[in-house]
Amino acid sequence: MTTTTGTEAPDAALSVRDVSLRFGGITVLDGVSFDAPRGGILGLVGPNGAGKTSLFNCISGHYQPTAGSILVNGTETVRTRAWRMAQLGLARTFQHPALRLDATVLENVMLGAHSWLPGGPVSWSLRLPATRRQEREARATALELLDRTGLAWAASMPADELSHGLHKGVELCRALLSRPRLLLLDEPAAGLSHGEVEALIGTVREVRREFELTVVVVEHHMGLISALTDRVVVLDHGAKLMEGTAAEAQSDSRVVEAYLGKEAAADESA
Ligand SMILES: Nc1ncnc2c1ncn2[C@@H]1O[C@H](COP(=O)(O)OP(=O)(O)O)[C@@H](O)[C@H]1O
Ligand SMILES: [Mg+2]
């Protein structure tokens, strides 16, 4: 189902229009609109509780917005369930990764292939001839992705033997194996060391170019946001506060105030 409302940018991989989300009496998102231009990296920033993860949940079909429209590559998706979003070219990582801890790292990454491998885990385990070649292809790509993210050494380890920070890398590989066009990353740098953040910046740049991705990244790490993003959207209390470059956002008094609180912001500028 392709819908054009006439308001979305023609080259947007993602158009969020007037999205609101309420739970009972609580307004979590309040009329949020923005576009993620195709091929770009958009930052989504704002203090804890601003609604960033909830907005990702709306885009990925885990939450259904109370109002508004979300177009992924021009297709209205607000009524599309999360498990179908991979077929529309969307993949995400989670703020708190939930890997299958009893499965190996490679098996966890392989789950990302479910949207394009024929059959499913049952036919893979039966090793039906038709699926064997594609399964081999998926496995080779999974190993390549693990190698690229510096995790090849862990491929056959049970996921629960890996540190929490490394789970994010495994999730990134799983997301990339689904062959997305639009990738949502929720706090990918949280818990990583300085060196690991630098490596992550390199990896995101590289895969964006190579897989022709559009990326939307939620992150508090301003070094990563400045290094990676073309634009940022700032959320505060569920509403869009401003949109601009990372530098513009960092010097915007409303943004400083949102992060520090009014009084602290006044002290800062004094
Ligand atoms: N399923 C839910 N039920 C009720 N409140 C929720 C739910 N999901 C998120 N919220 C609320 O939405 C607000 C924004 O949370 P979140 O989207 O996680 O913010 P952020 O990712 O910016 O830190 C919080 O107040 C949170 O408690
Ligand atoms: Mg969050």
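Residues numbered from 1 in each chain as written. Chains lettered and ligands numbered in written order. Predicted model: local features only at pLDDT ≥ 70, side-chain atom pairs only at ≥ 80, totals over all residues. Heavy atoms only, no water.

This paragraph deals with the sheet that holds strand 5 (residues 75-76). Read from one edge to the other, the open sheet built from four strands follows the order 2-1-4-5, with strand pairing classed as antiparallel. Strands with a single pairing partner mark the edges of an open sheet, and in this sheet they are strand 2 (26-37) and strand 5. Pairing of strand 1 (residues 12-23) with strand 4 (residues 67-72), which is carried by five bridges, proceeds in the antiparallel orientation. When the sheet's bridge partners are listed, Ser15 is paired in strand 4 with Leu71. (Pairing = 2+ DSSP bridges. Helix = DSSP H or I, 4+ residues; strand = E, 2+ residues; numbered from the N terminus.)

Let's shift gears to the sheet that holds strand 7 (residues 182-186). Taking strand neighbours across the sheet as the criterion, the six strands line up as 6-7-8-3-9-10 in an open arrangement whose pairing is mixed. Only two strands of the sheet have a single partner each, and these edge strands are strand 6 (90-92) and strand 10 (239-244). Geometrically, the sheet is characterised by an average inter-axis angle of 20° between neighbouring strands, direction not taken into account. Here strand 6 runs beside strand 7; their pairing, made up of three bridges, is parallel. In the sheet register, Leu90 faces strand 7, and the bridge partner there is Leu182. (Axes fitted to C-alpha atoms, helices over the stretch in contact; angles between N-to-C directions.)

So, on to the packing of aromatic side chains. Each aromatic ring pair is summarised here by two numbers: the centre-to-centre distance and the angle between the ring planes. In this structure the tally under the stated criterion is one aromatic pair. A ring pair is formed by Phe23 and Tyr63, whose centres lie 5.3 Å apart and whose planes are at 80°; its orientation type is edge-to-face. Taken together, the residues Phe23 in strand 1 and Tyr63 in the loop between helix 1 (52-59) and strand 4 connect sequence positions 40 residues apart. The class for Phe23 is partly exposed, based on a relative accessible area of 38%. (Phe/Tyr/Trp six-rings, centres within 6.5 Å; stacked < 30°, edge-to-face > 60°. Buried < 20%, exposed > 50% of the residue type's maximum accessible area, 1.4 Å probe, protein only.)

Bringing the coordination of the magnesium ion (ligand 2) into the picture now. With distances of 2.1 Å, the protein atoms coordinating the magnesium ion (ligand 2) are Thr53 (OG1) and Gln95 (OE1). Here Thr53 is found in helix 1, whereas its partner Gln95 is found in the loop between strand 6 and helix 2 (105-110), with 42 residues between them in sequence. The exposure class assigned to Thr53 is partly exposed, which follows from its relative accessible area of 26%. (Donors = N, O, S within 2.8 Å, 3.2 Å for Na, K, Ca; no water.)

Here we take up the side chain of Lys52. With respect to the helices and strands, the residue Lys52 is situated in helix 1. One buried charged side chain, Lys52, makes no salt bridge at all; its nearest oppositely charged neighbour is Glu187, positioned 4.9 Å away. With sequence-adjacent residues up to four places away left out, Lys52 is seen in contact with Leu44, Val45, Gly46, Pro47, Val218, His220 and Leu235. (Lys, Arg positive; Asp, Glu negative; His and termini not counted. Salt bridge = Lys/Arg side-chain N within 4 Å of Asp/Glu carboxyl O. Contact = heavy atoms within 4.5 Å.)

Counting buried positions along strand 1 gives nine out of twelve residues, so the element sits mostly inside the fold. Two elements, strand 1 and strand 2, share eight bridges in a ladder whose sense is antiparallel. Along strand 2, the bridge assignment pairs Val16 with Phe34. Turn length for the strand 1-strand 2 hairpin, with the two strands adjacent in sequence and antiparallel, is two residues, and the turn residue Gly24 shows positive phi of about 60°.

Bringing the nonpolar core into the picture now. Membership of the largest hydrophobic core comes to 48 residues, with the highest contact counts inside it found for Leu146, Leu183 and Leu224. For this core, the leading source of residues is helix 5 (residues 164-177), giving six residues. Composition of this core by domain shows at least three residues from each of domain 1 (12-89 + 180-269) and domain 2 (99-166). Sequence-distant contacts of Leu183, that is, excluding residues within four places in its chain, are made with Ala91, Leu172, Ala175, Leu176, Leu213, Thr214, Val215 and Val216. In this structure, Val28, Ala36, Phe56 and Val72 belong to the second largest nonpolar core, which totals 27 residues. (Core = buried A, V, L, I, M, F, W, Y, C linked by side-chain atoms within 4.5 Å. Domains from an automatic or database assignment.)

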